[in-house]
Each structure stands twice: as structure tokens, then as C-alpha cells.
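# Structural overview for review
Given next are the chains, with one letter for each unit.
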Amino acid sequence: MLENSVPLGNSANGYFIKTDRFKTTYISYNFYLPIEKEKAAGFALLPFILTTCSKEYPDFSKLNFKLNKLYSASLSASAEKVGDYQLLKIGISVIDDKYALDGEELILKSAKLLNSLVFEPLAENGAFYTTDVEREKRKAIEHIRGEIAEKRLYARRRLIEEMFKDDVYGIPKCGTEEQVAKITPESLFSAWQEMISRAALSVNVISSSLPQNVFDDVKSRLSLIDRSNAITVKTSSPTRPLYAAKRVKEYMDITQGKLVMGFSADIDENEKASAAFTVMCDIFGGGPYSRLFTNVREKQSLCYYCSSSVEKRKGYLIVDSGVEAKNAKKAESEILRQLEIMKNGNFTDFEFESSKISIINALNGYGDHQEAIDAWYTVKSSSKNMISPEDYAIQISKVDRQSVINAAKTVKLHTVFNLCPKEVK
Amino acid sequence: MEKCVFESEIGESYTLATLPNGLKVYICEKPQYTSAYAVFGTKYGSIDTRFSKNGGKLISVPEGIAHFLEHKLFESEYGDAFSKYAKTGAMANAFTTFDRTCYLFSCSDNFDENLDILLDFVQSPYFTKETVEKEQGIIAQEIKMYDDSPSFRVLFNMLSSMYINHSVKIDIAGTVESIAQIDSNLLYECYETFYNPSNMFICIAGNVDTRQVLKRIEESIKDRGTVAINRESFNEPEYIKQNYVEQKLPVLTPLFCFGYKQKISSPYRRLKSKVCVELLLEIICGEATPLYRRLMDEGLINDDFDFEYFTGRDYAAVIFSGESSNPKRVAEEIKKEIAHIREHGFDKKLFSAVKCASYGDAVRSFNSTEAIALSFTECAVCDYDLFDKLKLLKTVSYDDVLKRTDVFDDSLSVLSVISPLEDTV
């Protein structure tokens, strides 16, 4: 699927993923910067302020009017953590020209619009405008405060904070409320300058044909910027195992508790080890055939959900579940018992095979989802190996039982976070 | 079997086949895709709690039983459907809404085998005292999870203040007390009534062969005789219970749902009405509008602000929702804007822009096999053609849309607020 990659300058590359499946073209700019405590909040605000106003469209009503006229060209903005890096994404999706009722060149116009939003922000004398900055700060703070309403997300975020207290990875992906409050129009402008000059950049284009000049336009912008200090993405520091697991409890006015358990894991970045880890995590707590689903939920009715996920770059695994307070202890020991079963290799052939076929099935379907293709190549472009989902599916098919057991053996309980209803206090 | 082929100028087509027993089958071929998405559904949801079969006695069943049945149908006498899917690698799931229950899978391989599993388990009910009791535990956990979800509560608090008799005000999963009354006999009764081919539909999109799929379906659908279902009318009065409701939960920023109950004269809305109301909502407070701008500038809304035309059998309402430090002000501003539009009309340029955007969104939805299959379920329940929306968006006029301000009646509006507890954490 990856048609070609085009160097765009120091630590910047364009990737064209050719596909005729979609009615739309998707273009994304992906900036990688190391997570730093004092800067994280400012960096995270950039995708949002850049997609609400620009020199050309100083007012977001006018910008949105323009997007409507481009047949609902849709801008996306996000800030995520990928290992020890912040990934700032700004993208646009637009229907192909042949569907426009009035023959407009939708793709070219959208590509140019995105380029101008990233490189020509609305700013003056080294600062963004105060009203725009204050609006985006308010939204960011409300977003951070809003997370508490979603207990599952909140509990996961709190676990990560506790697991990585002395590590940059513990910093929330959009920074803390206090850090957002400190952002000024000047500091945000410096953050933008740092982003365009220092970040590793990948520009992804997913379309049936490469829009004219799309990469050249980025290249000519970058040629005007001093990018001699641009970073390259390196291996992230691993999650260090603890001798004794840490336990944190919090109380809230809720009826159902949340039990979230974090584990350190020793994950080698090479494909083979990574594929074994994917399979291990899936047998443990992936689909409905997994150890956690069938035992903790189905056999013992201890919770409505209980599943595991893995972050390979940082080397950790999380199990999260919604359980009643009186069942929390029982659920925890059952989860740990299931992990021991993984380590001893006592999972069944049915679970092993089901897991592999399910992962392969999902990977082979990636090409049918434009945003999944974008997400896949965004992450892969920052690693050493630009493997396609289909080739990774082949790696998965080669995983054997012993490598799954070996992967499980590196998993160690690190931190347990328990969100409890107040009445059990 | 009756067959119709529908085509559109955006290069998509689909077949609608009606079997002699009344089952409707929708198939959209996407040969360039790897995967396929299939849904087997019934016009039976949480609001169907009082009904009679074949002119018999009217019966009342406990709230939440449609959703309970959805959970239970995955089990058969010889193992559950999930373990069968585990062998094929498909991703399988199910959901229950107010007016339908759908069982689905997506896969990039073994489509025929997966379809067989779907057809088999949905047609093979198996309930025992033990399996029903076990499910009561799991669903009770699910209900508690929703009880803790502010976004869920804010909606249902609004609906229960808006509706007097209609079951749409009841949580889809029911209550811990109502599901305790469910037994296997009641489940069989509901199954025999609503899981009759004449009340059901199959919706498929993706890499499939229509002829082969239809043959497979014809061979597998069991003849269950015809069932005449009579759903009791709700006799919903044209007034509301109360215009304001508030609940305190652990949140930091208040959440709101502000809705207008619509007086209706028929069970379902025509597609043209839906399209016009949706355009009108974009004109009132879409991102390119003066009202959106004002609310954002004054710090009254953030990116979570949303609106929808919420309609199904015997109910219709317009709902605005989001987070706000001052929900009452937001509701006031919306009311004022509606009054203004009713009196002065709206900007014709804005009208043409939002029409363009809606057309773009409709084209974009054909990217996703999931979106197509789920739109088919809407076609089956409401008797639409999948391409009607595209056609309507080309012809709908300014006056058509302006007329729809009739859905807003201030005396039928309800504001629901979730406000912070004093000591949230």
C-alpha cells in the first residue's frame, strides 16, 4: 500500500499511501517532540489553536464556513503520547473532486488550506492573540476537568500518573491544569516555532492519486526554517519493574468501583518479540475468548468488563475492569492467577489459535479504514521498521507458544489503582 | 424472492431482496475492500414492553428485556457464538437501541462461515434458569456502570422529564429491579414474537458476492410462520412532566442536555423531515454560525457541544448537549436564536454552505462498510432508500428548512443538568 516516501528535509518525510477504496483523501501532518514537563501543555494546545484560526482565516466562523463550502472538509487535531514523545497531529479529510457538484478542486484547496493552517498561524510580534489563546486554554482545562466524568478513563489516567511518577511519561498527554493555566500568547508562539523547527515530521497522504505539489509545498515551507536541530525519534526508556507493587486507593461518589492494574513488561522492539507480545496480551485479555473475559467476567460474573492492553514502546501492560467494591480483592487475585497461567503456558490451543486468527483478521482489515491506515503509518514512520499491517499479520501467524510464554514471563505487577465508592470507606 | 437493485451517481449500488417470509436483505458490494460487515437485526428494542401477538392478549414485560435477550442469544445448548467466531477470527458484537436489536460481525476472511454462525445463533434461542440468573449478575454490573456515567444520566434525566408514558424515558438496560423479574419463559415469549423473519432484516456491506450470499441466507432461514405484532400505542400526551431537572454527580464542569419535545402525528418521521431538521440545526448552531461563535466567545460551550434530531417510533425531540459553566444561559441563547430565525429567516449563503457540507458527509459515509450496514438498518426500520438522502440534499429548499422551526415549542422544552458535588474527589 505504501507507494513511496519522499524526504522533505532534515528529519522530515512524506509518505504516500495509494488506495482506491475511499471517496475521500486524507492528509495529516505529524510532529514528534520529546515529552518535557514544562512544555507538554503548550505543545498539546498547538493542534487545536492551529485548526481554529489562521492568517488567512482569522475567525473560526469564517474558517468553518470555508470547510462547509469544501463539502465538509474535516479538520482533525490531537495530541497523544507515543512512548517518551508527544505526537501532535493536524489533518484534513475531504471528498474527492469527482463528487463535487460544481466541479471544484476540493483536494488541492484542502491541501493548501492545511498547509497554511500549520505554517501561517494568526500571530503578531512573536505572540498569538490573547483571545484565541484564552479560548483554547479554557477548552483544554475543561477537557482535563471533564475526564473525571468518564470513570474508566479517569482511573486509567490516574494509574499511569502513579506508575510513572518520576518519569516524563507520567505527564498527562495534554499537560496538567496548572501547566495549561501558565501558557501565555508568547510562550505558545515559541512552542509553535519549536514544533516546526525541532520536531520530527511525517506528512501522510492517503488517496487514489498524489495531489499535485502536496509534498513540495511542505518542502518549500521547511526550507525557510532552520531545522539543523531537528530531533530523530529514539527508543523510549523502559518501564522499570518494582520489587513490591504499589497500591493507591481513591474514593468517589460512585456505585461501581474501577480496578486498574499496571504491569511492567520487557518488550524488545524487534518485530518477532513484538508480535509475540501482541498475541500474549490478546490471549490474556483481548477478545471474548481471552482468559480474563471467560474467567473473570463469564465464569465468575465479577465484572461487566475486564480487558488488557499493551503499550509496547514504553513496555507496560494495563488490565482494567469495573467491579463492585466487595469483589475487588477477588477480581484482583483472579486476574493475577490468570497471568500465572499465561506464564506457565497453561493457556489452551483454542485460545492461542483464536487470538492469532483474530489479530490477523483485524490487521488485514486495516486497509479498509482511512484513519486506521494513517494511525498505523504515523506510528511506524517514527520507528525503525516501516512494516505494513499485512506483513505484520504474517509475523503474527509465525508466533509460537513458547515465545508467548517467554513474553508473559517478563510481565510483573507494578501498580494497582482502585477507585472505590465512598460508602465503603 | 423479490429483488431490486438501486444505483447512485457516486458509484455505489445495492440490492434489496425480500424473502417470501418477509425477511429483508440489503447487500452493498465493495469488491475493492478486504473486509465485510454484516448485521442481523430485529425491529425490537427497549420501548417494546407492551404488545400482543396474533391478536392475543396484551402482555407487559419487564423493562430491559430486549437488551437481556440480546445478551442471552449468544448462548446455545452447545457453547456460545463467541467461541465459534473465535475460530474464524471475526470481530462480533451486538447492541440494543430503543427500537431495534442488532447482531453483527466484521471480518476480512471466512465470510461465509461467519454468516452461517450469525444466521444460526440468532435463530437458536436457548435459555435456562441457571443461565438467566448468571446474566442478571453481569447486566446488573452494566447498569451500575451507566448509573455512574454523567453523560448517560444527563440524557435519561431529560427524557424522563420530557415523556410521561413513552418507554423511551427508561434506560435501555432496564433497572436492577426490573431485570430481576426476567425468567426464561418471558424471554421465549419475546423471542417468538419479535424474532420472526417478517420483523427482521439482514444488512451487509463489503467484499461479498450478492448472489451467493442470498442463496446462503435463503437456505438457512427457518420458516416460523407469520406473526402479527401489535405494539401498544403510548398515548403520549402533548405536555411534559417538568422543564428543569438537576442531579449532582462527581463532575467538575456541569453537563447539560437541552431538548424540545415535538408533537407528532405519525409513528415515524419521513426522511425529508429529518434532513430538513438536521440542516436547520446546523443553521442554528453549527460551527459556522453566529450563535456558536457567541457561545464559544463567552466561554459558555466547548468542543463537546453537540446537537441531534432524536427520533424513533412515536417519539421525536431535538437535543442540544455539552458541558457548560452556565447551562441556563446556553438554553436561553438557543431559544433566542430560534425565535430570531423564526421571525427573520436565515442567511442564504449559510444555507447553501451547510447543504454542501451535509452532501459531503453523506458521500463520506460510503467509505465505511460499518456505516453502510448500519444505515441499512435505518432503511429497514423506517422504510427508506439508502440513496434518498443524497437526492434530497440536492433538492431541498430554503423554505422547506425554514418551515421546520415548527419543531421548537418553548412550552415543551426541558433542561437537564448534572452539576458538581461539593467534594467530587
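Residues numbered from 1 in each chain as written. Chains lettered and ligands numbered in written order. Predicted model: local features only at pLDDT ≥ 70, side-chain atom pairs only at ≥ 80, totals over all residues. Heavy atoms only, no water.

## Some points on the overall build of chain A
For clarity, the threshold we go by: Secondary structure elements are taken from DSSP: a helix is a run of H or I of four residues or more, a strand is a run of E of two residues or more, and numbering for both begins at the N terminus. Each residue is assigned to one of three classes by its accessible area relative to the maximum for its type, calculated with a 1.4 Å probe on protein chains only: buried under 20%, partly exposed between the two thresholds, exposed over 50%. Throughout, a residue-residue contact means that at least one pair of heavy atoms, one from each residue, lies within 4.5 Å. Residue-level accessible areas treat just the shown protein chains as cover; the underlying method is Shrake-Rupley with a 1.4 Å probe. His is not counted, nor are the chain ends, whereas Lys and Arg count as positive and Asp and Glu as negative. Lysine's charge is taken at NZ, arginine's at CZ, aspartate's at CG and glutamate's at CD.
Each helix and strand counted, chain A has 15 helices and 13 strands in total. With respect to the three principal axes, the spread of C-alpha positions in chain A is 60 × 45 × 45 Å. By the burial criterion, 61% of the 425 residues in chain A qualify as buried. Looking at chain A alone, contacts between residues at least 24 apart form 80% of all its contacts between residues at least 6 apart. Total accessible area on chain A stands at roughly 16800 Å², and carbon and sulfur atoms take up 51% of it. In chain A, 58 side chains carry a positive charge and 56 a negative one; their mean positions are 4 Å apart.

## Some details on the overall build of chain B
The following threshold applies: Radius of gyration here is computed from C-alpha atoms only, and the compact-globule reference equals 2.2 Å multiplied by the residue count raised to the power 0.38.
What chain B contains, in helices and strands, is 15 helices and 17 strands. Rg of the C-alpha trace for chain B: 23 Å, near the compact-globule value of 22 Å for 425 residues, within the 12% margin. Dimensions of chain B, computed from C-alpha atoms along their principal axes, come out at roughly 60 × 50 × 45 Å. Per-residue burial for chain B yields a buried fraction of 60% across its 425 residues. Across chain B, the fraction of contacts at a sequence separation of at least 24, relative to all contacts at a separation of at least 6, is 80%. Element-wise, carbon and sulfur atoms account for 47% of the exposed surface of chain B, whose accessible area totals about 16700 Å².

## Points about the interface of chain A and chain B
Here is the rule we go by: For any pair of parts, buried area is found by adding up, for both, the accessible area (1.4 Å probe) each one loses once the two are put together. Definition used for salt bridges: Asp or Glu carboxyl oxygen within 4 Å of a side-chain nitrogen of Lys or Arg. For the purposes of these results, a polar contact is taken to be a pair of N or O atoms within 3.5 Å, where, inside protein, one atom must be able to donate a hydrogen and its partner to accept one; residues adjacent in sequence count only when each atom of the pair is a side-chain atom.
If you look at the interface, chain A gives 62 residues, while chain B gives 66 residues. Regarding the contact of chain A and chain B, the summed buried area is about 5500 Å², with carbon and sulfur atoms giving 54% of it. When the buried area of chain A at its contact with chain B is split by residue, K23, Y304 and N361 of chain A rank highest and sum to 11% of it. Seen at the junction of chain A and chain B, the total is 4 salt bridges. Notably, a salt bridge pairs E12 of chain B with K23 of chain A, separated by 2.7 Å at the nearest N-O pair. For the pair chain A and chain B, the number of links is 30 residue pairs in polar contact (both at pLDDT 80 or more).

## Some remarks on the pairing of strand β11 (residues 200–206) of chain B
All names here are of chain B. As a reminder, the rule being used: What makes two strands pair is DSSP finding at least two bridges between them.
Of all the 7 residues making up β11, 7 are buried; the element is thus mostly covered by neighbouring parts of the structure. Here β11 shows no split at all, with M200, I202, I204 and G206 on one side and F201, C203 and A205 on the other all buried. Pairing of strand β3 (residues 24–29) with β11 involves 6 bridges; the strand directions are parallel. Counted as the bridge partner of I27 is I204 from β11. With 7 bridges connecting them, strand β4 (residues 36–42) and β11 associate as antiparallel partners. Bridge pairing links V39 to C203 in β11.

## A look at the domain arrangement of chain A
Residues and elements named next belong to chain A. Applied cut-off: Domain start and stop positions are those given by an automatic or database domain assignment.
Taken domain by domain, chain A consists of domain 1 (2–223) and domain 2 (246–424). Each of domain 1 and domain 2 has a C-alpha centre, and these two points are 29 Å apart. Listed per partner, the contact involves 35 residues of domain 1 and 37 residues of domain 2. Of the roughly 3100 Å² buried between domain 1 and domain 2 on both sides combined, carbon and sulfur atoms contribute 63%. Sorting the residues of domain 1 by area buried against domain 2 places R152, L159 and M163 first, and these three jointly supply 20% of that buried surface. Across the domain 1-domain 2 interface, the total number found is 8 salt bridges. A salt bridge links D84 to K314; the shortest N-O distance between them is 2.7 Å.

## A short note on the nonpolar core
Here is the rule we go by: Nonpolar cores were defined as sets of buried Ala, Val, Leu, Ile, Met, Phe, Trp, Tyr and Cys residues, with membership established by side-chain atoms within 4.5 Å.
Among the nonpolar cores identified, the biggest contains 131 residues, and Y29 of chain A together with F320 and F408 of chain B are the most heavily contacted of them. The dominant element in this core, judged by the number of residues it contributes, is helix α9 (residues 271–285) of chain B, at 10 residues. Excluding anything up to four places from it in sequence, F408 of chain B contacts Y260, L280, L281, I284, V318, F320, I338 and R342 of chain B. Counting 53 residues, the second-largest nonpolar core is a separate cluster that includes A38, V61, F68 and F194 of chain B.

## Observations regarding empty space enclosed by the protein
Residues and elements named next belong to chain B. The condition is simple: Both site types are read off a 1 Å grid over the protein atoms alone. A 1.4 Å probe that fits but cannot get out defines a cavity, while an open set with protein on both sides within 12 Å along at least five of seven lines defines a pocket; lining residues have an atom within 4 Å of a point. Grid points are joined across faces, edges and corners, and a volume is the space filled by probe spheres set on the points. Classification used: nonpolar for Ala, Val, Leu, Ile, Met, Phe, Trp, Tyr, Cys and Pro, charged for Asp, Glu, Lys and Arg, polar for all others including Gly.
Counted under the stated rule, the structure contains 2 cavities of 30 Å³ or more. Taken as a whole, the largest cavity holds about 50 Å³ of empty space. L23, F40, V122, Q123, Y191, Y195, P197, M200, I221 and R224 are the residues that line the largest cavity. The residue makeup of the lining of the largest cavity, split by class, is 8 nonpolar, 1 polar and 1 charged. In this structure, the second largest cavity encloses a volume near 40 Å³. Contributing to the lining of the second largest cavity are D99, R100, Y268, R269, K274, T311, G312, E378, C382 and Y384. Taken together, the elements giving at least two residues each to the lining of the second largest cavity come down to β15 (306–312) and α13 (369–382). Of the residues assigned to the lining of the second largest cavity, the class counts are 3 nonpolar, 2 polar and 5 charged.

## Considering the pairing of strand β8 (residues 200–207) of chain A
Every regular strand shows the same layout, with side chains that alternate between the two sheet faces. Residues and elements named next belong to chain A. Burial runs high along β8: 8 of the 8 residues are buried. The alternating pattern of β8 places A200, S202, N204 and I206 and L201, V203, V205 and S207 on opposite faces, both of which are buried. Across 7 bridges, strand β3 (residues 24–34) lies against β8 in antiparallel orientation. Considered in β8, the bridge of I27 is made with V205.

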